[in-house]
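Coordinate analysis (summary)
Okay, here's what each chain looks like letter by letter:
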Amino acid sequence: MQKLRGSPRIIVLLFYFMCLWSRVAGICPARCECNDEILRVICDSANLDVVPITLNPELRELRLSNNLIKAIRTSFSVYRNLEFLDVSHNQLSTLDKGNFEDLKKLKVLLVNSNMISVLQNDTFISLNALKVLHLNENYLQTLPAKVFVQLESLELLDLCQNSISNIDQEAFFGLKSLKTLLLRDNKLTNIPSTPFQYISKLFKLDLGLNSFENIPENSFSALNDLEELSLDGCGIKAIQYGAFKWLNSLLILRIHDNDLWEIPTKALFDVIRLEELHIGQNKFHSLKAKSFQRLKFLRTIEINGCPNLNEIEKGAFADNTNLKTIIINHNKELRHIQDGAFDNLPNIQHVSFRGNSFETLQYGLLSWDELQFLDVRDNPLVCNCSLLWLWKLLVTKNFSSVEGQTDTTQVICVNPPGLKDRVLGNLPHDDLDCYSMESRRQLIIGVVVASAVFSGIIIMLGFRYRDKLAGLLKTKWGRGRKEPQYQKTSAEEESTILQAGQQSLKMTPVTEL
């Protein structure tokens, strides 16, 4: 009886401890991973349609990505110590006032890949400690004035892949700590120059995949500390002189995949500290001498996929003596590089000429032996003696280990037909027929030179001894003409002897005796 009477007390006590434990440690929902030691809960792809409120209230990290959550309301007021919150890839259509009001310690907020179309001025109230905010892949069309005014500690703001076409002049007011602003793939038609005045400490700005046909003067004049700028894929047809004025700290510039018919040489005068330039997929036909004038600190240049580029002229990189990396790939019309195009580039270490239309490459083009990486694959190379130097380079040096990628030494011959589809570096020396061709060439040159020397000597001797030669010739031909007067034929000699004999045998008359 005593045991039975004690049982209800035990049950009550157990229930009390269970409630206390749930209050301290929380209840982990199905398909979630809860770690109370590091205070992290991962409920990604857990088929949740609401934010769970039974988790450990001391939670610091909560991941709710890829669920069916449609609204937040005040669900996060339970977790006041949260520092990391991920509600990306859900079905949120709005962010209301007070959604994050109690998260004063929050540092990272990921709300990307939802259906948010509007931001209110009080959406991010109290998030003074927030450093990273991802709002990309939503349906935002405009950024109202002072919408981020509470985010004084924010360093990264991602607004990519929305439908933003309008940015209020005071939209970025209060973002005094912002270092990275990503506005890629929106519907902007003008550079939002005025709003930039509130984010003067910006280091990185991505405006790629918008619609800027023209970059006017002083477009980025407020961004003196900017180090990286992306304007690729915007359909840019002209960059005005002074467009990059005041970008004295710019190190990386991406203006590839536009409609530029010429290198904007003068516009680049203002970015004298530039170290990396991406300018491929434009429509210029050639790289003229000093195309990148004044860019003395340039270390890397990438010119890929230009449909019209057919020539690189002598001195194209004359001012770029610090270049280390040259990437000129997949320019299908590029067949010719003038001698001296890469002169005075002593620091080159990485060269890629992949996928152009080179049939041969001249040895004197670059200091090939000093390279750490070389890729000349996918060119219609004619494998003959003109590429003997490249054959030796590929045989003696392994460039593939530098990148840890596909073996860049697999250079395939296209011509002559007998070597088609053969790997240049795997060819025996004799297949290039270099020795016999070189021998014949040297023999022909030797014969021609010897003949010329011999002919010259004969002519010189003839001219010097012309008088003696004339005398000898005259004497020789003169004797030839007098010989018939002194020489007699055998018939004449017989007649003379006979006459002499007749005279000696003539009889004396008797009367005379």
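The structure under discussion appears in the preceding block.
Below: a short report on this structure. On a predicted model such as this, the values are computed, not experimentally measured, just so you know. (Residues numbered from 1 in each chain as written. Predicted model: local features only at pLDDT ≥ 70, side-chain atom pairs only at ≥ 80, totals over all residues. Heavy atoms only, no water.)

**Focus: the overall build of the protein chain**
Applicable threshold: Counting from the N terminus, the helices are the DSSP runs of H or I reaching at least four residues and the strands are the DSSP runs of E reaching at least two. Exposure is judged per residue with a 1.4 Å probe applied to protein chains only, and the accessible area is read against the type maximum: over 50% gives exposed, under 20% gives buried, and values in between give partly exposed. Shrake-Rupley sampling with a 1.4 Å probe provides the accessible areas, and residues are treated as covered by the protein chains on show and by no other component.
Along the protein chain, the regular secondary structure elements total 6 helices and 25 strands. Here the protein chain holds 513 residues, and the buried ones make up 40% of them. Of the roughly 28,800 Å² of accessible surface on the protein chain, 53% is carried by carbon and sulfur atoms.

**Focus on the nonpolar core**
Stated formally: The term nonpolar core refers to a set of buried residues drawn from Ala, Val, Leu, Ile, Met, Phe, Trp, Tyr and Cys, joined through side-chain atoms within 4.5 Å. Any pair of residues with heavy atoms lying within 4.5 Å of one another is described as a contacting pair.
Judged by nonpolar contacts, the single largest core of 125 residues is most densely connected at Phe 76, Phe 148, Phe 220, Phe 342 and Phe 353. When residues in this core are grouped by element, the largest group, 6 residues, is from helix H2 (residues 388-396). Contacts of Phe 76, omitting those with residues within four sequence positions, involve Val 51, Leu 62, Leu 64, Leu 82, Leu 85, Val 87, Asn 99, Phe 100 and Leu 103.

**Section: a nonpolar patch on the surface**
Filter applied, for reference: The patches described consist of residues with a relative accessible area above 30% and no salt bridge, like charges being joined within 9 Å and nonpolar side chains (Val, Leu, Ile, Met, Phe, Trp, Tyr) within 5 Å. Think of a salt bridge as a Lys or Arg side-chain nitrogen and an Asp or Glu carboxyl oxygen that are within 4 Å of each other.
On the surface, a nonpolar cluster with roughly 420 Å² of combined accessible area is contributed by Ile 445, Val 449, Val 453, Ile 457 and Leu 461. When its relative accessible area of 43% is taken as the criterion, Leu 461 is described as partly exposed.

**Some points on the pattern of salt bridges**
Summed over the entire model, instances satisfying the criterion amount to 12 salt bridges. Here Asp 102 makes a salt bridge to Arg 80, at a shortest N to O gap of 3.3 Å. Of the two residues, Asp 102 is situated in the loop between strand E4 (84-86) and strand E5 (108-110) and Arg 80 in the loop between strand E3 (61-63) and E4; the sequence distance between them amounts to 22 residues. With a relative accessible area of 48%, Arg 80 lands in the partly exposed category.

**Observations concerning the state of the cysteines**
Note the following rule: Disulfide: a pair of cysteine sulfur atoms within 2.5 Å of each other.
If you walk through the whole model with that rule in mind, you get 3 disulfides. Covalent S-S linkage joins Cys 32 and Cys 43, the inter-sulfur distance amounting to 2.1 Å. Between Cys 32 and Cys 43, the S-S dihedral sits near 120°, and the bridge is therefore right-handed. One end of the pair, Cys 32, is in the loop between helix H1 (2-25) and strand E1 (33-35); the other, Cys 43, is in the loop between strand E2 (40-42) and E3, and 11 residues separate them in sequence.

**Side note on the sheet that holds strand E17 (residues 286-287)**
Put simply, the test is: We treat two strands as partners when DSSP finds at least two bridges between them.
With respect to topology, 3 strands assemble into an open sheet ordered E17-E19-E21, the strand pairing being parallel. Both edges of this open sheet fall to E17 and strand E21 (336-337), since each of them pairs with a single strand only. Note that E17 and strand E19 (residues 311-312) share 2 bridges and pair parallel. Looking at E19, one finds that Leu 287 is bridged to Ile 312.

**Considerations on the packing of aromatic side chains**
Formally: In this scheme Phe, Tyr and Trp rings, the latter by its six-membered ring, pair at centre separations within 6.5 Å, and the angle between planes marks the pair as stacked below 30 degrees, edge-to-face above 60, and tilted otherwise.
This model, assessed by the stated rule, comprises 11 aromatic pairs. With centroids separated by 6.3 Å and ring planes inclined at 20°, the aromatic side chains of Phe 220 and Phe 244 adopt a geometry described as stacked. Residue Phe 220 is located in the loop between strand E12 (214-215) and strand E13 (228-230), and its partner Phe 244 is located in the loop between strand E14 (238-239) and strand E15 (252-254); the two are separated by 24 residues in the primary sequence. For Phe 244, a relative accessible area of 0% gives the class buried.

**Describing unusual backbone geometry**
Trans peptide bonds make up the majority, and among non-glycine residues the majority have a negative phi. In the segment running from Asn 415 into Pro 416, the intervening peptide bond is cis, with an omega of -5°. Among the secondary structure elements, Pro 416 is positioned in the loop between strand E25 (413-415) and helix H4 (434-464). We note that Asn 344 has phi near 60°; this positive angle belongs to a residue other than glycine. Relative to the assigned elements, Asn 344 resides in the loop between E21 and strand E22 (350-352).

**Points about the environment of His 330**
By secondary structure assignment, the location of His 330 is in the loop between strand E20 (325-327) and E21. Classification of His 330 as partly exposed rests on a relative accessible area of 40%. A C-alpha to C-alpha distance of 4.3 Å links His 330 and Gly 355, two positions 25 residues apart in sequence. Contact partners of His 330, with chain neighbours within four places excluded, come to Gly 305, Cys 306, Arg 354, Gly 355 and Asn 356.

**Observations concerning the environment of Cys 413**
Tracing the chain through its elements places Cys 413 in strand E25. The sequence separation of Cys 413 and Leu 381 amounts to 32 residues, and the corresponding C-alpha distance is 5.4 Å. Filtering out sequence-adjacent residues up to four positions away, Cys 413 remains in contact with Leu 381, Cys 383, Leu 419, Lys 420, Asp 421, Arg 422, Leu 424 and Leu 427.

Note that all results are geometric; they support no functional claim without further evidence.
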